[in-house]
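Residue strings, one per chain:
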Amino acid sequence: MKISKTILNKLLKKAKESLKNSYSPYSQYRVAAAALAKSGKIYGGTNIENASYGLTMCAERCAIFKAISEGEKEILALYIIVSQDPKLPEATPCGACRQVIAEFARPDAPIYTLNLQDKKPPVMRMLKEYLPNAFTPKNLE
Ligand code: THU
């Protein structure tokens, strides 16, 4: 699945807007995501932490759940951003988010990651690279 430069820029813009709303007082690790839905609409999300730490929601799932709850059926692409010391390891979606992405995106859906403090361009990997042999709704047909 090829995503145009224009759409990529829109995804980045949405993710940057969402990053301002990151609620991460415990980890200080601010994450935002923008999900491109099949309708063409873009949904932003941030991580939302909780005093009961385990209830924290990741940015990726926040964006996807917003899209699905608005009636979207498929996620075509995801753009994830952080703004962290570039010496830290590259930001990648956590295991739980990979499984949730696999529920709504095709294996070749592109997932972009970018550290705003890093001079490197965004990294693109397909969902199937992050989660090979995913267990998906197809397994239950
Ligand atoms: N976080 C995300 O939002 N996405 C990920 O894929 C990795 C982790 C958030 C959860 C928590 O608020 C903070 O980053 C540190 O784990």
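In what follows, the structure referred to is the one given above.
Bear in mind the structure is a predicted one, so any value in this text is a computation, not a measurement.

(A) Expanded view of the environment of Gly44. For Gly44, the location among the structural elements is in strand 2 (residues 42-46). What makes Gly44 buried here is its relative accessible area of 4%. Between the C-alpha atom of Gly44 and that of Leu8, which follows or precedes it by 36 residues, the distance is 13 Å. Beyond its immediate chain neighbours, meaning those up to four positions away, Gly44 contacts Lys14, Ser18, Ala33, Ala34, Ala63 and Lys66.

(B) Focus on the site of the ligand. In the vicinity of the ligand, the residues found are Ser27, Tyr29, Val31, Asn47, Glu49, Thr56, Cys58, Ala59, Glu60, Thr92, Pro93 and Cys94. Between the ligand and the protein, one listed contact pairs an oxygen atom with a side-chain N or O atom of Asn47 at 2.9 Å. Contact distances for the ligand include 2.9 Å between an oxygen atom and a backbone N or O atom of Ala59. Expressed as a share of its isolated accessible area of 370 Å², the protein-covered part of the ligand is 78%.

(C) Looking closely at the side chain of Asn47. Position of Asn47 among the secondary structure elements: in the loop between strand 2 and helix 2 (59-69). A polar contact of 2.7 Å, which involves the side chain of Asn47, links it to the backbone oxygen of Tyr29. Only 3.1 Å separates the side chain of Asn47 from the backbone nitrogen of Val31, close enough to count as a polar contact. If near-sequence neighbours (up to four positions away) are discounted, Asn47 is found in contact with Ser22, Tyr23, Ser24, Tyr29, Arg30, Val31, Met57, Cys58 and Ala59.

Criteria and thresholds
Residues numbered from 1 in each chain as written. Predicted model: local features only at pLDDT ≥ 70, side-chain atom pairs only at ≥ 80, totals over all residues. Heavy atoms only, no water. Helix = DSSP H or I, 4+ residues; strand = E, 2+ residues; numbered from the N terminus. Buried < 20%, exposed > 50% of the residue type's maximum accessible area, 1.4 Å probe, protein only. Contact = heavy atoms within 4.5 Å. Near = heavy atom within 4 Å. Polar contact = N/O pair within 3.5 Å; in protein donor to acceptor, adjacent residues only side chain to side chain. Areas by Shrake-Rupley, 256 points an atom, 1.4 Å probe, with all protein chains shown as cover.

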